[in-house]
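Structural overview for review
Residue-level listing of the chains:
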Amino acid sequence: ETAPRARMIRLEWAIISLSGCLLAAIAVLAPFVPYVLSTFVPNLFGAPIDPYLSTVASGVIAAVITAVFYRVAVKNAEELLTKAEA
């Protein structure tokens, strides 16, 4: 008989990661909500919503999320390598 393999990714962390990615995607797409709503209900916001402004805002949000999680990933990788050397 063979022993069961240890899981590298646990189910609860997979669900937490999936939820985090979903929240990040919602944050990146959030600037488009007023534009989409204004296309279906033209006089909802008064002035027309600029899709280019929504794109820029979405890009800024994506860049901030990327920078924050890049730093977290690098810090975790450094800790892992430090533990592996010991």
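Per chain, the residues get numbers from 1 upward, laid out in the order the sequence is written. The model is predicted, so local features are restricted to residues of pLDDT at least 70 and side-chain atom pairs to those at 80 or more, both for listing and for counting; the totals for chains, interfaces and linings are taken over all residues. Derived side-chain values reflect all non-hydrogen atoms in the structure, with water molecules and hydrogen atoms excluded from consideration.

1. Focus: the overall build of the protein
To qualify as a helix, a DSSP run of H or I must reach at least 4 residues; to qualify as a strand, a run of E must reach at least 2; elements of each kind are numbered from the N terminus. Scanning the protein from N- to C-terminus turns up 3 helices and 0 strands. Its helices and strands in sequence order give the protein the pattern α-α-α, from N to C terminus. The C-alpha radius of gyration computed for the protein amounts to 21 Å, which surpasses the reference 12 Å derived for 86 residues by more than 25%, pointing to a less compact arrangement than a globule. A burial count over the protein gives 5% of its 86 residues as buried. Per-residue and other accessible areas were derived by the Shrake-Rupley procedure at a 1.4 Å probe size, with only the shown protein chains allowed to occlude residues. Put simply, the protein shows about 7700 Å² of open surface, and 71% of that area lies on carbon and sulfur atoms. Positive and negative side-chain charges in the protein, numbering 6 and 6 respectively, have mean positions lying 4 Å apart. It is over C-alpha atoms that the radius of gyration is taken, and the globule rule equals 2.2 Å times the number of residues to the power 0.38. Throughout this description, buried means an accessible area under 20% of the type-specific maximum (1.4 Å probe, protein chains only), exposed means over 50%, and partly exposed covers the range between. We treat Lys and Arg as the positive residues and Asp and Glu as the negative residues; His and chain ends play no part in the count. In this description, the location of a charge corresponds to atom NZ of lysine, CZ of arginine, CG of aspartate or CD of glutamate.

2. Observations regarding the environment of K83
Structurally, the position occupied by K83 is in helix α3 (residues 51-85). The class of K83 is exposed, set by a relative accessible area of 64%. Residues K83 and P48 lie 35 residues apart in sequence; the distance between their C-alpha atoms is 55 Å.

3. What about the side chain of S58?
Position of S58 among the secondary structure elements: in helix α3. In what follows, a contact means two residues having at least one pair of non-hydrogen atoms within 4.5 Å. Other than its neighbours up to four places away in sequence, S58 contacts V28, P31 and F32.

4. Some remarks on a nonpolar patch on the surface
Each patch is built from residues that are more than 30% exposed by relative accessible area and take part in no salt bridge. Like charges join if they lie within 9 Å; nonpolar side chains (Val, Leu, Ile, Met, Phe, Trp, Tyr) join within 5 Å. Here, a salt bridge means any Lys or Arg side-chain nitrogen found within 4 Å of an Asp or Glu carboxyl oxygen. On the surface, a nonpolar cluster with roughly 650 Å² of combined accessible area is contributed by V33, V36, L37, F40, V41, L44 and F45. As for its placement among the helices and strands, V41 is situated in the loop between α2 (33-40) and α3. When its relative accessible area of 43% is taken as the criterion, V41 is described as partly exposed.

5. Here's the deal with the environment of A24
Inspection of the secondary structure assignment puts A24 in helix α1 (residues 11-29). Between the alpha carbons of A24 and I61 there is a distance of 9.0 Å; along the sequence they are 37 residues apart.

6. Thoughts on the packing of α1 against α3
The convention used is that axes are lines fitted to C-alpha atoms, helices contributing only their stretch in contact, and that angles between N-to-C directions extend from 0 to 180 degrees. At a closest axis distance of 8 Å, the pairing of α1 and α3 adopts a crossing angle of 150 degrees. Considering the angle they form, α1 stands roughly antiparallel to α3. Judged by residue contacts, A24, A27 and V28 of α1 engage S58, I61, A62 and I65 from α3. For the contact of α1 with α3, the per-class residue count stands at 6 nonpolar, 1 polar and no charged. For classification purposes, angles smaller than 35 degrees are called roughly parallel, those larger than 145 roughly antiparallel, those between 65 and 115 roughly perpendicular, and all remaining angles oblique. All residues other than Ala, Val, Leu, Ile, Met, Phe, Trp, Tyr, Cys, Pro, Asp, Glu, Lys and Arg, Gly among them, are scored as polar; the first ten of these are nonpolar and the last four charged.

7. Examining the layout of surface pockets
Approximately 210 Å³ is the volume found for the largest pocket. By residue class, the composition of the lining of the largest pocket is 3 nonpolar, 1 polar and 1 charged. With a 1 Å grid spanning the protein atoms alone, the term cavity applies to any set of points in which a 1.4 Å probe fits but cannot get out, the term pocket to an open set with protein on both sides within 12 Å along at least five of seven lines, and the term lining residue to any residue with an atom within 4 Å of a point. Grid points are joined across faces, edges and corners, and a volume is the space filled by probe spheres set on the points.

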